[in-house]
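# Working through the structure, step by step
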Amino acid sequence: MDKDRIEAVLKETRSFEPPEAFRLTARVKSEEEYEAEYRRSIEDPEGYWAEIAGELEWFEPWQKVLEWNPPHAKWFVGGRTNVSYNALDRHLTTWRRNKAAIVWEGEPGDTRTLTYHELHREVSRFANVLRRLGVKKGDRVTLYMPMIPEAAIAMLAAARIGAVHSVVFGGFSASALAERIKDAGSEVLITADGGWRRGQIVPLKEAADEAVRETGIVKHVVVVRRTGQDVPMEPGRDHWYHELVEGVEDEAAPEPMDSEDPLFILYTSGSTGKPKGVLHTTGGYMTYTFHTARTVFDLGDDDTYWCTADVGWITGHSYIVYGPLLNGATVVMYEGAPNHPEPDRFWEIVDKHGVTVLYTAPTAIRAFMKWGEQWPMKHRLDSLRLLGTVGEPINPEAWLWYYRVIGKECCPIVDTWWQTETGGIMITTLPGAHRMKPGFAGKPFFGVAPEIVDGEGNPITEPDQGGYLVITKPWPSMLRTVWGDPERFVHQYWSQYPGKYFTGDGARRDADGYYLILGRVDDVINISGHRLGTMEVESALVSHPAVAEAAVVARPDPIKGEAIVAFVTPVGDAEPSEALAEELKAHVVKVIGAIARPEEIRFAAALPKTRSGKIMRRLLRQIAAGQEEISGDISTLEDRSVVEQLKKGK
Ligand code: PRX
C-alpha cells in the first residue's frame, strides 16, 4: 500500500463535475438517475438483470434468474445462448452489418479493418477449422498471441463452438505457458510466428515450441503468419492459419450453450506460487460485460472505442472483445508499444482513427507524463470525449495530467476498479452522472454490493475508515470456480468472511459513498498494472541452484506503481555479486516472463524471521522502500543484525 499516494488523494480536495455537454447525451445523466437505478438493481436484482439479459438473444429462455447457494451462483438457469452469436450474428440483421467492428493497427503501421459481417465470416471459418481439428464443446484451447485481429477471432471462434479458451499473455515465458497449458489440459494451441514490439519481433513460436515440448499433450499448433520470419514447423502438428482457413465454409452454426457452460479460463496470480485458472461462464458474463461496457463507456454508434490493454488480460477479454462487440461498437486494437517509433504513438492513433473513448492504465499515463507534454501537444486529440483508467490505483497527479493534457478538461475520467475474478467493472463513477474525485474509483456499479469490513468481518459503516473490501451479493459475471481446484475457490475468496466475496484489496469510503482503493492486502503485487504473486517470483528464484532462500516484496515505483525487490540468501558456496544478481533476474524472466523481472536483488546471509520462523515481510518492505528507521515491533526478530545487513546488502 503506497502511503504517499493515499495521502496525496486525501489532500486533493478538488472534484470535477461531468461536462454539461457530455451529460446531456449520456446514458445515465444524473446522480438521481444513478441512485434510482442502483436502488432498483439492489432491491430486485433478479428483475433488474433479467431485463438486461433480455436485450440479448437466447436460444432458450432461462427458468430462473439466480440460484444462489453461497458461494456458488448460477445465473439465468436453464437458458441457452452463445456469446459469439450475440457479439456478431445479432448485428448482421441491422445496419451494423457493414459497420467497422475492429480497426486494427500493427506496430509497423499496417492497418486492417473488419466489419461485423467480415468478422463474422472470419470467426465462422476459424470455428469450422477448430471443429475439423477435432475440437469439441468443453475442450480447452490455449492462445498465445500478439495483438492482432486473429486473437479476437480465435477467442470468438472458440466461444462459437463451445470450446473454452485460455489466453496466455504473449509476454509470459515458455515455462509459464507450459504450466498453463498443462493445467487447462489444452490439446490445441494457437500462436503466431511472432509479433512486433518496439521494432523487434517477439519470438512467440519459439516459446510455444518449447512449451509444447514440455507439456507433451498438445496435438495441434495453429500458427498465424504475422511477421513473416522463418519459424520451424513440425509436420503433422503445426499448421499455418492461412492454409487452414483457405476455402473453408464461412458459416458455422453456433453451439447452443447452457448459461452456466464455461466460456473461458484466465490465469491470474494469487498468494501461492501457482497461478489460478479463473473460470467464467456464458450467460452471466455476457450480460454483465454487455451492460457495463455500454454504461461505463457511454458507448453509442458514433463511438470509436480504444482499450489499450492486451487480450492476454481480463481487461482485453471484457473490454476489447466481449463487452464492446456485444454492443456493436467499433473497437480499435493496436499491436505494439506506446513509444514506438516515438512517444506520441498513442496520440497519433487517436487522431488517425478518431478515437472517442480511450481506456488505459495509470502506469501508461505516468510514462506519458515522464516523456513530456510536447508529445500529446503535437496532436489534436479533439475526437476524445471520455477517458478511462484501470488496473491499479491512480495517483491524483497522474489523474490531473490525464484530465488536462489528454482530455483538455472536457472529457470525464472513469477510474474503474475490478478484477480478473469479477469479470467486469465493479466500482466506478458513471461519466454523465457523477462528480469525479481524483484517486477515488467512485460508486458501485448497478447490482454490486460492496462493503468494508474489519478483520473480524464486521461492516465498517462510518466514513473514512480503512478496511477490507468485500462484495456481499452475487453478480452475474463473478468467477464460478478455480479451474481444477474447487476448494481453492472456496478457500481463497469465501472463507475469510463466510457468504461474502473477499477481494484481497483494502478500501475506505467517504461520506459521499465514494470508494478509495488502498491496494492489495495480500501477497499479490501490481507491476505496471500486471498482477503477480510474490510467491511465484520466490519459487522462480529458489529454482536457481545458487539460491537457498528468497523473499520478494514490492516497493513503490513512480512509473510502474510497484517494483519488485528480492531478498536472497545464496547457497553456501555462491558468492553474492552483481553478476549473480543479473543472472538471477534473467532466470526469473525465463521462468515467468519479463514482467516479473526483479528491479533489485539484495543478498544477505539470512532473512529476518520471527522466532516461529515466519519471514517478516513488513520489515522487508520498509527496507526495500529505503526507510532508515524501521518501525513496528521487531522484538520477535530472531537475529537483529540481519536487518543491518539487508539495509546495506546490495
Ligand atoms: O488491486 C486491485 C487492482 O488490480 C487488482 C486486480 O488485478 P487483475 O485481476 O489483474 O485485474 C486488473 C484489471 C481489471 C485489484 O485487486 N486494481 C484494478 N483496478 C483498479 C485497481 N486498483 C485501484 N484502482 C483501480 N481502478
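Residues numbered from 1 in each chain as written. Predicted model: local features only at pLDDT ≥ 70, side-chain atom pairs only at ≥ 80, totals over all residues. Heavy atoms only, no water.

### Structural notes on the pairing of strand 23 (residues 450-453)
- Burial of the side chains of strand 23 extends over both faces: P450 and I452 are buried on one face and E451 and V453 on the other.
- In the sheet, strand 23 pairs with strand 24 (residues 467-471) via 4 bridges, with the strands oriented antiparallel. In the strand pairing of strand 24, P450 is matched with I471. (Buried < 20%, exposed > 50% of the residue type's maximum accessible area, 1.4 Å probe, protein only. Helix = DSSP H or I, 4+ residues; strand = E, 2+ residues; numbered from the N terminus. Pairing = 2+ DSSP bridges.)

### Examining the pairing of strand 28 (residues 524-527)
- Of the two faces of strand 28, both are covered, the one formed by V524 and N526 as well as the one formed by I525 and I527.
- Note: strand 28 against strand 29 (residues 530-533), 4 bridges, orientation antiparallel. Its bridge partner lying in strand 29, I525 is registered against L532.

### Some points on the domain arrangement of the protein
- As assigned here, the protein comprises domain 1 (1-82 + 281-446), domain 2 (83-255) and domain 3 (528-648).
- Taking only C-alpha atoms into account, the centre of domain 1 sits 35 Å from that of domain 3.
- The interface is formed by 11 residues belonging to domain 1 together with 10 residues belonging to domain 3.
- Carbon and sulfur atoms supply 51% of the area buried between domain 1 and domain 3, which totals about 810 Å² over both sides.
- In terms of surface lost to domain 3, no three residues of domain 1 exceed W313, T363 and R366, which account for 50% of the buried area on that side.
- For the pair domain 1 and domain 3, the number of links is 1 salt bridge. (Domains from an automatic or database assignment. Contact = heavy atoms within 4.5 Å. Buried area = accessible area lost by both parts, 1.4 Å probe. Salt bridge = Lys/Arg side-chain N within 4 Å of Asp/Glu carboxyl O.)

### Section: the nonpolar core
- Ranked by internal contacts, the top residues of the largest apolar core, which has 161 residues, are L119, F126, I190, F297, Y322 and L541.
- With 10 residues, helix 7 (residues 149-161) is the single largest residue contributor to this core.
- In contact with F126, not counting residues within four places along its chain, are I153, A154, A157, I190, V222, Y241 and V245.
- Counting residues in each nonpolar core, the second largest holds 30 residues, with V103, V332, I365 and L387 among its members. (Core = buried A, V, L, I, M, F, W, Y, C linked by side-chain atoms within 4.5 Å.)

### Description of the sheet that holds strand 30 (residues 547-557)
- Spatial ordering of the open sheet is given by 30-31-32, a layout of 3 strands whose pairing is mixed. Only two strands of the sheet have a single partner each, and these edge strands are strand 30 and strand 32 (600-603). Neighbour-to-neighbour, the strand axes of the sheet open up by a mean angle of 25°, direction not taken into account.
- One ladder, built from 4 bridges, connects strand 31 (residues 561-570) with strand 32; its direction is parallel. Its bridge partner lying in strand 32, F567 is registered against R602.
- Along the sheet face, helix 19 (residues 578-591) touches strand 30, strand 31 and strand 32 and points at about 125° away from the line of strand 32. (Axes fitted to C-alpha atoms, helices over the stretch in contact; angles between N-to-C directions.)

### Brief notes about the environment of V542
- Mapped onto the fold, V542 is located in helix 18 (residues 534-542).
- Classification of V542 by relative accessible area gives partly exposed; the value is 39%.
- Sequence separation between V542 and T569 is 27 residues; the distance between their C-alpha atoms is 9.5 Å.
- With residues near it in sequence (within four places) discarded, V542 still touches V547, A548, E549 and A550.

### Let's talk about the environment of R380
- Within the secondary structure layout, R380 lies in the loop between helix 15 (374-377) and strand 19 (386-390).
- Residue class for R380 comes out exposed when judged on its relative accessible area of 57%.
- C-alpha of R380 to C-alpha of S15: the two residues are 365 residues apart in sequence and 26 Å apart in space.
- Beyond its immediate sequence surroundings of up to four residues, R380 is in contact with D351 and K408.

### Digging into the site of the ligand
- By nearness alone, 17 residues border the ligand, and D415, T416, T420, D505 and R531 come closest of all.
- T416 places a polar main-chain atom, nitrogen or oxygen, 2.8 Å from a nitrogen atom of the ligand.
- Between D505 and the ligand, the recorded distance is 2.5 Å, taken from a side-chain N or O atom to an oxygen atom.
- Contact with the protein chains removes 96% of the 550 Å² of surface that the ligand exposes when unbound.
- When grouped by side-chain class, the residues that make up the shell around the ligand number 6 nonpolar, 6 polar and 5 charged. (Near = heavy atom within 4 Å. Polar contact = N/O pair within 3.5 Å; in protein donor to acceptor, adjacent residues only side chain to side chain. Areas by Shrake-Rupley, 256 points an atom, 1.4 Å probe, with all protein chains shown as cover. Nonpolar A, V, L, I, M, F, W, Y, C, P; charged D, E, K, R; others polar.)

### Side note on the UniProt feature "modified residue: N6-acetyllysine" (unreviewed entry) in the protein
- The UniProt record marks K614 with the feature "modified residue: N6-acetyllysine" (unreviewed entry), using the residue numbering of this structure.
- Inspection of the secondary structure assignment puts K614 in the loop between strand 32 and helix 20 (617-624).
- Setting aside its immediate chain neighbours within four residues, K614 contacts P608 and K609. (UniProt positions renumbered as here; feature names shortened; annotations may be inferred.)

### Details of the UniProt feature "domain: AMP-dependent synthetase/ligase" (unreviewed entry) in the protein
- The UniProt record annotates "domain: AMP-dependent synthetase/ligase" (unreviewed entry) at residues 95-475.
- As annotated, residues 95-475 has a helix share of 31% and a strand share of 23%, and its two end C-alpha atoms lie 32 Å apart.

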